[in-house]
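Summary of structural features
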Amino acid sequence: MIRLDRVTVRYGHGRNAIAAASDISFAVAPGAAFGLVGESGSGKSTVLRSIAGLIPHAEGQVQLGGAAMPPQRNRAQRRLVQMVFQDPYGSLHPNQTVDQALASPLRIQGLDGGEQRIATALREVGLGPEHRFRFPHQLSGGQRQRVAIARALIVAPRILLLDEPTSALDVSVQAEILNLLVRLRRERGLTLLMVSHDLAVIAHLCDRVGVMQHGALVELTSSDALAAGAVTHPHTLELLRSNAGYDMRGAEAARFEA
Amino acid sequence: MSGAPLLCVRNLRVTYPSAQGDTHAVRDVSFTLGRERLGIVGESGSGKSTTGRAIMGLVPPPGRVTADELRLGELDLCRLSERGFRQLRGRRVAMVLQDPKYALNPVMSIGRQISETHRAHVGGGKPAARRAALEMLEAVRIRDPERVFTLFPHEVSGGMGQRAMIAMMLIANPEVLIADEPTSALDATIQTQVLAILDELVRGRGMGLILISHNLHLVSAFCDRVLVMYAGRVVETCEAGKLREAKHPYTRGLLDALPELGRRRELLPQLQRDPAWADGA
Amino acid sequence: MSGVTLRGWLLDAAPASRRQARFGRWYRTWLSFQNNSLAVAGLLIVLALVLSAIGAPLIADPQAAILQHLAQRLQPGSAAHWFGTDELGRDIFARIVFGSRITLTIVALVSAIVVPVGLGIGLPAGYFGGVVDAVLMRLTDIFLAFPRLVLALAFAAALGPGIENAVIAIALTAWPPYARLARAETLTRRNAEFVQAAVLQGASPISILFRQIVPLCLPSVVIRLTLDMAGIIITAAGLGFLGLGAQPPAPEWGAMVASGRQVLLDQWWVATIPGIAIFITSVGFNLLGDGLRDVADARSS
Ligand SMILES: Nc1ncnc2c1ncn2[C@@H]1O[C@H](COP(=O)(O)OP(=O)(O)OP(=O)(O)O)[C@@H](O)[C@H]1O
Ligand SMILES: Nc1ncnc2c1ncn2[C@@H]1O[C@H](COP(=O)(O)OP(=O)(O)OP(=O)(O)O)[C@@H](O)[C@H]1O
Ligand SMILES: [Mg+2]
Ligand SMILES: [Mg+2]
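Rules behind the numbers
- Residues numbered from 1 in each chain as written.
- Chains lettered and ligands numbered in written order.
- Predicted model: local features only at pLDDT ≥ 70, side-chain atom pairs only at ≥ 80, totals over all residues.
- Heavy atoms only, no water.
- Pairing = 2+ DSSP bridges.
- Helix = DSSP H or I, 4+ residues; strand = E, 2+ residues; numbered from the N terminus.
- Axes fitted to C-alpha atoms, helices over the stretch in contact; angles between N-to-C directions.
- Contact = heavy atoms within 4.5 Å.
- Buried area = accessible area lost by both parts, 1.4 Å probe.
- Salt bridge = Lys/Arg side-chain N within 4 Å of Asp/Glu carboxyl O.
- Polar contact = N/O pair within 3.5 Å; in protein donor to acceptor, adjacent residues only side chain to side chain.
- Nonpolar A, V, L, I, M, F, W, Y, C, P; charged D, E, K, R; others polar.
- Expected span 1.5 Å × (residues − 1).
- Buried < 20%, exposed > 50% of the residue type's maximum accessible area, 1.4 Å probe, protein only.
- Disulfide = S-S within 2.5 Å.
- Phe/Tyr/Trp six-rings, centres within 6.5 Å; stacked < 30°, edge-to-face > 60°.
- Lys NZ or Arg CZ within 6 Å of the ring centre and 35° of its normal.
- Lys, Arg positive; Asp, Glu negative; His and termini not counted.
- Near = heavy atom within 4 Å.
- Areas by Shrake-Rupley, 256 points an atom, 1.4 Å probe, with all protein chains shown as cover.
- Core = buried A, V, L, I, M, F, W, Y, C linked by side-chain atoms within 4.5 Å.

1. Here we look at the sheet that holds strand β11 (residues 233–239) of chain B
Remark on secondary structure: sheet strands pair via backbone hydrogen bonds, oriented parallel or antiparallel. All names here are of chain B. Reading across from one edge, β7-β8-β9-β3-β10-β11 is the order of the six strands in this open sheet, with mixed pairing throughout. The open sheet has two edge strands, β7 (93–96) and β11, and neither has a second partner. Strand-to-strand, the axes of this sheet are offset by a mean angle of 15°, without reference to chain direction. Seen against the sheet, helix α7 (residues 158–170) touches β7 and β8 (176–180) and runs at an angle of roughly 175° to β7.

So this is what it looks like as structure tokens:
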């Protein structure tokens, strides 16, 4: 479903250009869930954005649903892949009601039966009709994130990209959103690609995991191997160690390495 | 804990009046803070940030703050004017805000924001402020301080923005730091490193730290004591290391909702709330 | 619907239709606006200006504003002439009332030019960046470098004095700050995640600019315009005073001050009354702008 072939993404021009992701290759089967982990600034969001077509890649090829994506995507290609962002506060337009947020993708994509689709989309993410005409400031963080998921799903994409969808939410809401994603994947056969810095969240939702460091994909493994600690790359081991909780000795060690 | 407490809070209440009736965001919260790491956990809307804001004098109107006692060292914060608070903030108490994207000025470079904070609180000229800012950026483990100094907030990754924010708050060397979800946008490695910096400040400079977080693992591993908040009330206080053995069904529910490595469940148990918890049961 | 239920309908936390949501939002905005009594005073002044411009013939006699009555020149205020008469025996009250039409025309024309031009330059500059930004912003700098009154004088001298030319001259020098404002607002929004979500849905840049970014920039532009309006009215009055704005016998307030200045010491009202009218209108716009800004600040936090 998703296939990246030696993709490199650069920010900036000329001398100031930096490669935020270099030479990334991996593939995700239809209906599978793939997780991307790695330290801050390692280029996870960059990879997601280039799959979404928000930034052009300098080299390599992005294939979605079997077709290579051109630099300028058309509407049908846009519809194939949707994204949910990290920040539930910034991802909804402050002046638009939930209803408007859901109606505009339908208008852009020229889909009919809007009334029905909006009601269904809201029900699917567990929001009631009473939320439909609220403004974002009248919703909680978890509710906003549900709206963002509904907005992504309303055009019936086949791939859903999630950039740390629960890191701004508390644990009880995180559990609700994760359960929602598990259900949606099962019912719709969605292909999921999720970024998170919480290895437990990734292992909960995904089957396979990619580890990034300094813009490179350093290890490809399965979540079972991750849970068992059967990984090889030092960065993965370090992530595992830090994830086990805050540990004074671990922190000291990390400081002296840095 | 050593010596007199840095911060004393007794029966803190914060109320937001509104047309639909008052919201009691914080109800009778009491605690003291020494030179230690105090964690506050609880679900969203339980009043964690509001507690922090009340201490900073940052509760937005029409919010009302009352307390039987609210003291920073010798200073009575209940009687402090807005001007008094302004002199206090940044210098004696600092708060790392929950949302770095909104707390940083989008049209000013990160370096300039940090060095201006330095000049406002510590004084000294531009070159000194620049040096201090670069040092601070390095202290929060920013890999390339010279480059990041010139970048604007939208040009850095989420985690770098949050570290820049931390650098800005620490540059004036406050006595009490309130960190509201300081690490929620950081990956585990950097999170560990940032916490190590905070820890060093608590132990090295004798700073008091209030860490607000919804990450129970992290709070239980990092802090000395933990307050668990629900609906504006502290429902349970325990030693951080013993958080896993917590008694209260609410705390247990929060712990259960966490996904765990090596214990894969198809669906996570969702929190079943009991209205009796809100009344301090 | 009785008053109580209408209020409940407007403040409903779970609106049932787009219309209710929108009205509810306006109503909440109005509630926070009306808390500020100075802002309400400003609004009333501006409303009074608009009403007097629309209903001028009902309030005062159109003939009295223009017809010369040399026998009754320079009379002080009386029951017949509330504000007295000027050096040609025209009723000053009637001239003030009809003068509000000219002031309102200036306000409307300048807004109609400045807002579209400012947004038209600032939005693409902020959104597309790069070369587009560089070219548009240099253009803005060039216009910013013109001194307003001097350009207006040159314009009036070249095209002949008159209210239209005065308005064009003012608008030409007034738009650059709006372009900068719109650019800055766009810069802070263009990386917002809701904009990226719209890109992902396949929205074109034009539709993103109009549907996502303009609604967020517009409040600050309108507020800025309201605050600037005082300055614009005074500039227009200044041009009228210099004889380069509205031409006699049009009852333009600035020109009225000019014509009253020879008799300022003996018949003070001839120059002072229109001066007061200019002053009150300017203050009204300023108070209104301040109030709107407070509401916008409260809404965004
Ligand atoms: N618009 C931009 N202009 C210039 N550099 C950028 C831009 N966006 C990102 N970068 C740089 O690219 C690198 C990778 O950023 P990216 O956002 O992909 O990291 P990330 O892995 O998602 O990190 P985090 O976990 O902190 O979100 C960083 O060094 C960042 O500074
Ligand atoms: N300015 C305000 N006006 C009215 N009510 C408010 C305001 N700020 C907060 N509240 C209310 O106060 C309560 C506590 O909010 P607070 O932000 O302290 O929660 P929190 O525990 O920090 O949650 P989170 O984990 O989501 O940050 C909530 O019910 C919230 O709706
Ligand atoms: Mg990221
Ligand atoms: Mg909070």
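Alright, that's what it looks like, and here's the rest.
2. Focus: the interface of chain B and chain A
Counting from both sides, the interface comprises 46 residues of chain B and, opposite them, 47 residues of chain A. Summed over both sides, the interface between chain B and chain A buries roughly 3800 Å², with carbon and sulfur atoms accounting for 57% of that surface. In this assembly, chain B and chain A are joined by two salt bridges. Across the salt bridge formed by B:R143 and A:E39, the nearest N and O atoms sit 3.1 Å from each other. Taken together, the connections running from chain B to chain A amount to six residue pairs in polar contact (both at pLDDT 80 or more). Those elements giving two or more residues to the side of chain B that touches chain A turn out to be α3 (100–103), α7, α8 (188–204) and α9 (216–222) of chain B. No other element matches the ten residues that α8(B) contributes to the side of chain B that touches chain A. Looking at the side of chain B that touches chain A, its residues break down into 20 nonpolar, ten polar and 16 charged.

3. Some words on helix α2 (residues 18–34) of chain C
The end-to-end C-alpha separation of α2(C) is 24 Å, in line with the 24 Å expected for 17 residues at 1.5 Å each. Considered for burial, the residues of α2(C) that qualify are C:Q20, C:A21, C:G24, C:R25, C:Y27 and C:F33.

4. Things to note about the interface of chain A and chain C
Every contact between the two is made by 33 residues of chain A and, on the other side, 22 residues of chain C. Roughly 2500 Å² is buried in total at the junction of chain A and chain C, and carbon and sulfur atoms are behind 54% of that figure. Together, A:F85, A:H93 and A:F133 form the three largest contributors to the area buried by chain A at its contact with chain C, with a combined 23%. At the surface where chain A touches chain C, the tally comes to one salt bridge. In this structure, the salt-bridge partner of C:R18 is A:D99, at a minimum N-O distance of 2.4 Å.

5. Regarding the state of the cysteines
Tallied over the entire structure, the rule returns zero disulfides over all chains. Lacking any disulfide linkage, B:C223 is separated from the closest cysteine sulfur, that of B:C238, by 11 Å.

6. A closer look at helix α5 (residues 141–153) of chain A
Taking 1.5 Å as the rise per residue, α5(A) with 13 residues should run 18 Å; its terminal C-alpha atoms sit 18 Å apart, in good agreement. Extensive coverage of α5(A) is indicated by the burial of twelve of its 13 residues. Contacts made by the buried residues of α5(A) are with β6 (81–84), α3 (98–109), α4 (114–124), β7 (159–163) and α6 (171–188) of chain A together with α10 (193–200) of chain C.

7. Some remarks on the packing of aromatic side chains
Counting across every chain of the model gives twelve aromatic pairs over all chains. Between the aromatic rings of A:F26 and A:F34, the centroid separation amounts to 4.6 Å while the plane-to-plane angle is 5°, which identifies the pairing as stacked. In this pair, the class of A:F26 matches that of A:F34, namely buried. Centroid distance B:Y250 to B:W277: 5.5 Å. Interplanar angle 55°. Geometry classified as tilted. Here B:Y250 is found in helix α10 (residues 249–256), whereas its partner B:W277 is found in the segment after α10, with 27 residues between them in sequence. Note on accessibility: B:Y250 and B:W277 belong to one class, buried. Ring-pair connections join several aromatic residues into one group, and the members of that group are B:Y230, B:Y250 and B:W277. Above the plane of the ring of B:F222 lies B:R37, whose end atom (NZ or CZ) is 5.3 Å from the centre.

8. Looking at the environment of B:L201
The residue B:L201 is located in helix α8 in this model. Expressed as a C-alpha distance, the spacing of B:L201 and B:L170, which sit 31 residues apart in the sequence, is 9.3 Å.

9. A closer look at the side chain of C:D91
All names here are of chain C. By secondary structure assignment, the location of D91 is in the loop between α5 (62–66) and α6 (92–128). No salt bridge is formed by the buried D91; its nearest oppositely charged neighbour, R95, is found at 9.2 Å. Leave out the neighbours within four places in its chain, and D91 touches A64, H81, W82, G84 and T85.

10. Section: the site of ligand 1
Surveying the vicinity of ligand 1 reveals 18 residues, the closest of which are A:S40, A:G41, A:K44, A:S45 and A:T46. Positioned at a junction of chains, ligand 1 has nearby residues supplied by chains A and B. Contact between ligand 1 and A:G41: an oxygen atom at 2.8 Å from a main-chain N or O atom of the residue. Within the backbone of A:S42, one N or O atom sits 3.2 Å away from an oxygen atom of ligand 1. Compared with its free state, where it exposes 640 Å², ligand 1 has 88% of that area covered by protein. Among the elements that line the shell around ligand 1, the one with the most residues is helix α1 (residues 44–52) of chain A, at four residues. Here the residues of the shell around ligand 1 sort into three nonpolar, nine polar and six charged.

11. Digging into the sheet that holds β6(A)
Residue and element names in this part refer to chain A. The six strands lie next to each other as β6-β7-β8-β3-β9-β10, forming an open sheet whose pairing is mixed. The open sheet has two edge strands with one neighbour each: β6 and β10 (216–222). Between one strand axis and the next, the sheet turns through 20° on average, direction left out of account. As paired elements, strand β3 (residues 33–38) and strand β9 (residues 208–213) share five bridges and run parallel to each other. Bridging across to β9, G35 finds its partner in V209.

12. A short note on the pairing of strand β3 (residues 37–42) of chain B
Residues and elements named next belong to chain B. The buried fraction of β3 is high, at six of six residues. Side-chain alternation along β3 places R37, G39 and V41 on one buried face and L38, I40 and G42 on a second face that is also buried. The pairing of β3 with strand β9 (residues 208–212) spans four bridges and is classified as parallel. Each bridged residue has a counterpart across the sheet, and for I40 the counterpart in β9 is I212. Relative to strand β10 (residues 225–230), β3 runs parallel, the two being bridged by five bridges.

13. Things to note about the nonpolar core
Counting 67 residues, the largest nonpolar core has C:V114 and C:I208 as its most contacted members. Residues in contact with C:V114, not counting those within four places in the same chain, are C:A171, C:A174, C:W175, C:Y178 and C:L225. Formed by 58 residues, the second largest nonpolar core is a distinct cluster that contains B:V219, B:F222, B:Y230 and B:L271.

14. A short note on the pattern of salt bridges
Working definition: two side chains of opposite charge can pair if their charged atoms are close together. What the rule picks out here adds up to 36 salt bridges over all chains. Across the pair A:R183 and A:E187 runs a salt bridge, and its minimum N-O distance is 3.6 Å. Highlighted residues: A:R183 and A:E187, both in helix α6, separated by four residues, approximately one helical turn. A salt bridge links C:E185 to C:R189, with the shortest nitrogen-to-oxygen separation between them at 3.0 Å. With C:E185 and C:R189 both in helix α9 (residues 163–189) and four residues apart, the pair spans about one turn of that helix. Judged by relative accessible area, C:R189 falls into the partly exposed class, the value being 25%. Several salt bridges share partner residues, and in doing so they unite A:D99, A:E115, A:R132 and C:R18 into one network.

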